[in-house]
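Listed below, chain by chain, are the residues.
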Amino acid sequence: MMRGTVLPMCVVLSLTACASFGGEVQLGRLRDEVVATERAFAATMARRDHAAFASFVADDAIFFSGNNALRGRAAVAAAWQAWYSSPEAPFSWAPETVEVLESGSLALSSGPVFDPKGKRIGRFSSIWRREAPGVWRIVFDKGENSCDAAAP
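Residues numbered from 1 in each chain as written. Predicted model: local features only at pLDDT ≥ 70, side-chain atom pairs only at ≥ 80, totals over all residues. Heavy atoms only, no water.

Draft legend 1. Representation of the pairing of strand β5 (residues 106-114) within the structure. Direction of pairing for strand β3 (residues 92-93) relative to β5: antiparallel, over a ladder of two bridges. Of the residues in β5, the one forming a bridge with W93 is V113. Taken together, the four bridges between strand β4 (residues 97-100) and β5 define a ladder with antiparallel strand orientation. Residue pairing in the sheet places T97 in a bridge with S110 of β5. Linking two consecutive strands that pair antiparallel, namely β4 and β5, is a turn of five residues; a positive phi of about 75° is found at G104 within it. Relative to strand β6 (residues 120-132), β5 runs antiparallel, the two sharing nine bridges. Pairing of F114 across the sheet is with R120, part of β6. Between the end of β5 and the start of β6, which pair antiparallel, lie five residues, with G118 showing a positive phi angle near 95°. (Pairing = 2+ DSSP bridges. Helix = DSSP H or I, 4+ residues; strand = E, 2+ residues; numbered from the N terminus.)

Right under this line is the structure:
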(Lines give C-alpha, C1' and ligand atoms only; values in the text may rest on other atoms or scores of the structure.)
Protein backbone atom coordinates (compact mmCIF):
# COMPACT_ATOMS: atom_id res chain seq x y z
CA MET A 1 0.00 0.00 0.00
CA MET A 2 2.79 2.45 0.87
CA ARG A 3 4.55 1.69 -2.39
CA GLY A 4 1.44 2.65 -4.40
CA THR A 5 1.23 6.10 -2.81
CA VAL A 6 4.89 7.09 -3.17
CA LEU A 7 4.85 7.57 -6.97
CA PRO A 8 1.67 9.68 -7.07
CA MET A 9 3.00 11.74 -4.17
CA CYS A 10 6.28 12.37 -6.02
CA VAL A 11 4.36 13.46 -9.12
CA VAL A 12 2.23 15.89 -7.08
CA LEU A 13 5.29 17.34 -5.35
CA SER A 14 7.10 17.73 -8.68
CA LEU A 15 4.13 19.50 -10.28
CA THR A 16 3.77 21.78 -7.24
CA ALA A 17 7.45 22.72 -7.44
CA CYS A 18 7.16 23.42 -11.18
CA ALA A 19 4.02 25.51 -10.70
CA SER A 20 5.70 27.50 -7.96
CA PHE A 21 8.80 28.10 -10.08
CA GLY A 22 6.65 29.01 -13.08
CA GLY A 23 4.73 31.51 -10.96
CA GLU A 24 7.95 33.16 -9.80
CA VAL A 25 9.18 33.37 -13.40
CA GLN A 26 5.83 34.81 -14.50
CA LEU A 27 5.82 37.43 -11.72
CA GLY A 28 9.42 38.33 -12.52
CA ARG A 29 8.55 38.80 -16.19
CA LEU A 30 5.50 40.90 -15.30
CA ARG A 31 7.58 42.98 -12.90
CA ASP A 32 10.08 43.62 -15.68
CA GLU A 33 7.21 44.71 -17.95
CA VAL A 34 6.00 47.21 -15.35
CA VAL A 35 9.52 48.57 -14.79
CA ALA A 36 9.94 49.04 -18.56
CA THR A 37 6.49 50.64 -18.82
CA GLU A 38 7.17 53.03 -15.94
CA ARG A 39 10.48 54.04 -17.53
CA ALA A 40 8.80 54.60 -20.90
CA PHE A 41 6.09 56.62 -19.15
CA ALA A 42 8.74 58.79 -17.46
CA ALA A 43 10.56 59.19 -20.78
CA THR A 44 7.52 60.98 -22.18
CA MET A 45 8.33 63.87 -19.83
CA ALA A 46 11.98 63.98 -20.90
CA ARG A 47 10.96 63.90 -24.60
CA ARG A 48 8.21 66.48 -23.96
CA ASP A 49 5.68 64.11 -25.59
CA HIS A 50 2.31 64.82 -24.01
CA ALA A 51 0.36 62.56 -26.41
CA ALA A 52 2.58 59.61 -25.46
CA PHE A 53 2.06 60.47 -21.77
CA ALA A 54 -1.72 60.31 -22.21
CA SER A 55 -1.47 56.92 -23.96
CA PHE A 56 -0.20 55.34 -20.73
CA VAL A 57 -3.18 56.62 -18.71
CA ALA A 58 -6.22 54.32 -18.35
CA ASP A 59 -9.60 55.71 -19.40
CA ASP A 60 -10.81 55.49 -15.79
CA ALA A 61 -7.59 56.62 -14.09
CA ILE A 62 -7.45 58.75 -10.97
CA PHE A 63 -4.46 61.04 -10.48
CA PHE A 64 -4.18 63.05 -7.30
CA SER A 65 -3.28 66.72 -7.50
CA GLY A 66 -2.76 67.68 -3.88
CA ASN A 67 -5.98 66.62 -2.15
CA ASN A 68 -8.01 66.78 -5.36
CA ALA A 69 -8.62 63.81 -7.62
CA LEU A 70 -8.44 64.12 -11.39
CA ARG A 71 -10.79 61.50 -12.83
CA GLY A 72 -10.37 59.97 -16.28
CA ARG A 73 -7.75 60.14 -19.00
CA ALA A 74 -9.09 63.40 -20.47
CA ALA A 75 -8.97 65.25 -17.13
CA VAL A 76 -5.50 63.91 -16.31
CA ALA A 77 -4.16 64.77 -19.77
CA ALA A 78 -5.64 68.28 -19.61
CA ALA A 79 -4.18 68.94 -16.15
CA TRP A 80 -0.76 67.59 -17.09
CA GLN A 81 -0.57 69.57 -20.35
CA ALA A 82 1.04 72.44 -18.45
CA TRP A 83 3.93 70.19 -17.32
CA TYR A 84 4.69 69.50 -20.99
CA SER A 85 4.52 73.10 -22.27
CA SER A 86 8.06 74.30 -21.53
CA PRO A 87 11.13 73.17 -23.50
CA GLU A 88 12.76 71.73 -20.36
CA ALA A 89 11.15 69.04 -18.24
CA PRO A 90 10.22 70.46 -14.83
CA PHE A 91 10.84 67.11 -13.12
CA SER A 92 11.67 63.47 -13.76
CA TRP A 93 10.96 60.20 -11.99
CA ALA A 94 12.16 56.62 -11.96
CA PRO A 95 10.82 53.35 -10.56
CA GLU A 96 12.58 52.14 -7.46
CA THR A 97 10.11 49.57 -6.13
CA VAL A 98 7.79 47.48 -8.28
CA GLU A 99 5.52 44.68 -7.08
CA VAL A 100 2.93 42.68 -9.03
CA LEU A 101 -0.09 40.88 -7.58
CA GLU A 102 -0.05 37.08 -7.85
CA SER A 103 -2.98 37.40 -10.28
CA GLY A 104 -0.76 39.48 -12.58
CA SER A 105 -3.52 42.04 -13.03
CA LEU A 106 -2.27 44.96 -10.91
CA ALA A 107 1.13 46.35 -9.99
CA LEU A 108 2.52 49.04 -7.73
CA SER A 109 5.46 51.19 -8.75
CA SER A 110 7.03 53.86 -6.60
CA GLY A 111 10.19 55.86 -6.59
CA PRO A 112 11.86 59.23 -6.37
CA VAL A 113 10.98 62.43 -8.24
CA PHE A 114 13.82 64.79 -9.20
CA ASP A 115 14.03 68.44 -10.18
CA PRO A 116 15.88 69.39 -13.42
CA LYS A 117 19.21 69.53 -11.55
CA GLY A 118 18.77 66.01 -10.16
CA LYS A 119 17.81 66.97 -6.60
CA ARG A 120 15.25 64.64 -5.09
CA ILE A 121 12.08 66.65 -4.51
CA GLY A 122 9.44 64.00 -3.93
CA ARG A 123 8.18 60.49 -4.33
CA PHE A 124 5.48 58.95 -6.52
CA SER A 125 3.31 55.89 -6.12
CA SER A 126 1.38 54.46 -9.04
CA ILE A 127 -0.93 51.52 -9.58
CA TRP A 128 -0.82 49.87 -13.00
CA ARG A 129 -3.44 47.55 -14.49
CA ARG A 130 -2.58 44.89 -17.06
CA GLU A 131 -5.07 45.41 -19.88
CA ALA A 132 -3.56 42.91 -22.34
CA PRO A 133 -0.35 40.89 -22.50
CA GLY A 134 2.46 43.43 -22.32
CA VAL A 135 0.04 46.39 -22.03
CA TRP A 136 -0.02 48.17 -18.68
CA ARG A 137 -1.95 51.37 -18.06
CA ILE A 138 -1.77 53.54 -14.99
CA VAL A 139 -5.00 53.64 -12.97
CA PHE A 140 -3.92 55.53 -9.81
CA ASP A 141 -1.11 58.00 -9.29
CA LYS A 142 -0.11 60.12 -6.31
CA GLY A 143 3.00 62.13 -5.72
CA GLU A 144 4.29 63.60 -2.48
CA ASN A 145 6.79 66.40 -1.93
CA SER A 146 9.91 65.59 0.03
CA CYS A 147 10.10 66.99 3.51
CA ASP A 148 13.02 69.35 4.07
CA ALA A 149 14.05 68.24 7.54
CA ALA A 150 16.74 70.95 7.70
CA ALA A 151 14.23 73.78 7.28
CA PRO A 152 13.17 75.57 10.51
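Draft legend 2. Summary view of the environment of I127. Considering the arrangement of structural elements, one finds I127 in strand β6. Owing to a relative accessible area of 27%, I127 belongs among the partly exposed residues under this scheme. The spacing of I127 and I138 is 11 residues in sequence and 5.8 Å in space, taken between C-alpha atoms. If near-sequence neighbours (up to four positions away) are discounted, I127 is found in contact with L106, A107, L108, R137, I138, V139 and F140. (Buried < 20%, exposed > 50% of the residue type's maximum accessible area, 1.4 Å probe, protein only. Contact = heavy atoms within 4.5 Å.)

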